[in-house]
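Residues per chain are reported as follows:
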Amino acid sequence: MALMTIIEPVAFGQRPAGPAPRGWPGLRLGFRPFYLVAALAAVAAMALWPAVFMGRVRLASGLAPTLWHAHEMIFGVVMAVVVGFLFTAGKAWTGLATPRGPALGALVALWLAARTAGLLAPAWAFALLDGAFLPLVAAIFVRLLVRAGQWRNAPVALTLSLLAAANLAFHAAALGGDAADGLRALLAGLVLLIVLESLIGGRVIPAFTRSVNPGLRLHGQRALDVAAIGSSALGMGLWIGELPGAAPVLGAAALLQAARLLGWKPWASRRRPILWILHLSYAWICAGLALLALAAAGAVARSAGVHALAVGATGGLVLGMITRTARGHTGRPLQASGLEVAAYAALMLAAILRVTAALAPGWFTPLVCSAGVAWIAAFALYLIRFAPWLMSARVDGKDG
């Protein structure tokens, strides 16, 4: 139940009474600028990806195009969302101020400088700027928890610190010219994100489902939770290390995660898009683990499992949560509009097309290009709806 305490106040958009609004709305709370730049980067990085892949845009850092692409999606786009969420959540958890105004703007500027450096600066400059961002964020977050005595939230701080370490390992490998170790560091980052999604998803998705379905009973399944998350982490770790036993462990993890998801009765949310996107995105964790099991057995390309986890699971959960939390924290109802439903559909289509491309190499190019267009459409639709809201005051007049 400790994790539920971590998530509930933010996930449901609950906000304590606070001072009158001050400063530019776009820098009042972490989710505002970081959700905005994350969505912009999701569009820009994907639009630029074909030119980088084909060599028409050369990276001054000397990174291999595939490593740049994976890094910018994991440690650029997704981590911006994570930071925005944690700075927003941290204020609710601790009752203490998180960065806002010029301090928050400086962190966003550092993140933007790192994205620019990845394209235009030498590898050492990219490593310096990008490598500094997550440790700085982790230090701010840890200090916040220590000041408030919020030790129950230590697992979140630990995960953030491990992600910072994985990013530093990536840059160390890149500076040393070791593409294999760089890829392992990126995959480690993805694994940490999937574990975090499994932990948080296991609390908020059932809670959201119960909240909109009065009388719905979801039975506790602590042993299943532990088995599913533990086997997922173990299986992915074995897979990254190319160690024996990865295929059966990953296969078991996929089945355990599927049993976990079915226990949340996803069909009860079929009429609520802002909720079914979370259930459907979580289902991609099951699919991704199953595909990784097949990849470990040599049956399919590993790219299928990686993109099921990266696009379907992580991309879908990111889009689902940045719509839900942005609505809640701008004082709007937790009901998805037609524009948001279209964004959800486009993201799921992107995942299907990208995974299919890995499984049907004869159609690789058209499928990958179509997946990229669908991904861009999903986050462009998000920006159309939410960019004005993220830069303007809450409709209820509260600070934040």
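Just above sits the structure.
Keep in mind that this is a model prediction, so the values were computed, not measured.

Peer 1: It is not clear to me how the overall build of the chain should be interpreted in this structure. Could you clarify?
Peer 2: Scanning the chain for helices and strands turns up 13 helices and 0 strands. Taken from N to C terminus, the helices and strands of the chain fall in the order α-α-α-α-α-α-α-α-α-α-α-α-α. Relative to the 2.2 N^0.38 estimate, which gives 21 Å for 400 residues, the radius of gyration of the chain is 20 Å and therefore close to what a compact globule would have. Seen along its three principal axes, the alpha-carbon backbone of the chain occupies a region of about 55 × 50 × 40 Å. Counting over 400 residues, the chain shows a buried share of 54%. Across the chain, contacts joining residues at least 24 apart in sequence account for 77% of those joining residues at least 6 apart. Summed over all atoms, the accessible surface of the chain reaches about 16,000 Å², with 69% contributed by carbon and sulfur.

Peer 1: Honestly, the side chain of Ser61 in this entry has me stumped. Any pointers?
Peer 2: Relative to the helices and strands, Ser61 is located in the loop between α2 (31-53) and α3 (65-94). Ser61 sits in the buried class, given a relative accessible area of 10%. When residues no more than four places from it in sequence are discounted, the contact partners of Ser61 are Gly118, Ala121, Pro122, Ala123 and Phe126.

Peer 1: Mind showing me how you'd approach the packing of aromatic side chains here?
Peer 2: Geometry of an aromatic ring pair is reported as the spacing of the ring centres plus the angle between the planes. Scanning the model with the defined rule gives 9 aromatic pairs in all. Measuring from centroid to centroid gives 5.7 Å for Phe31 and Tyr35, while their planes differ by 65 degrees, and the two rings are edge-to-face. In this pair, Phe31 and Tyr35 are both assigned in helix α2, 4 residues apart and thus about one turn of the helix distant. The ring of Phe208 has Arg324 lying over it, and the distance from NZ or CZ to the ring centre is 3.6 Å. Across the ring face of Trp389, the terminal group of Arg332 is positioned such that the distance to the ring centre comes to 4.0 Å.

Parameters at a glance
- Residues numbered from 1 in each chain as written.
- Predicted model: local features only at pLDDT ≥ 70, side-chain atom pairs only at ≥ 80, totals over all residues.
- Heavy atoms only, no water.
- Helix = DSSP H or I, 4+ residues; strand = E, 2+ residues; numbered from the N terminus.
- Rg over C-alpha atoms; globule rule 2.2 N^0.38 Å.
- Buried < 20%, exposed > 50% of the residue type's maximum accessible area, 1.4 Å probe, protein only.
- Contact = heavy atoms within 4.5 Å.
- Areas by Shrake-Rupley, 256 points an atom, 1.4 Å probe, with all protein chains shown as cover.
- Phe/Tyr/Trp six-rings, centres within 6.5 Å; stacked < 30°, edge-to-face > 60°.
- Lys NZ or Arg CZ within 6 Å of the ring centre and 35° of its normal.

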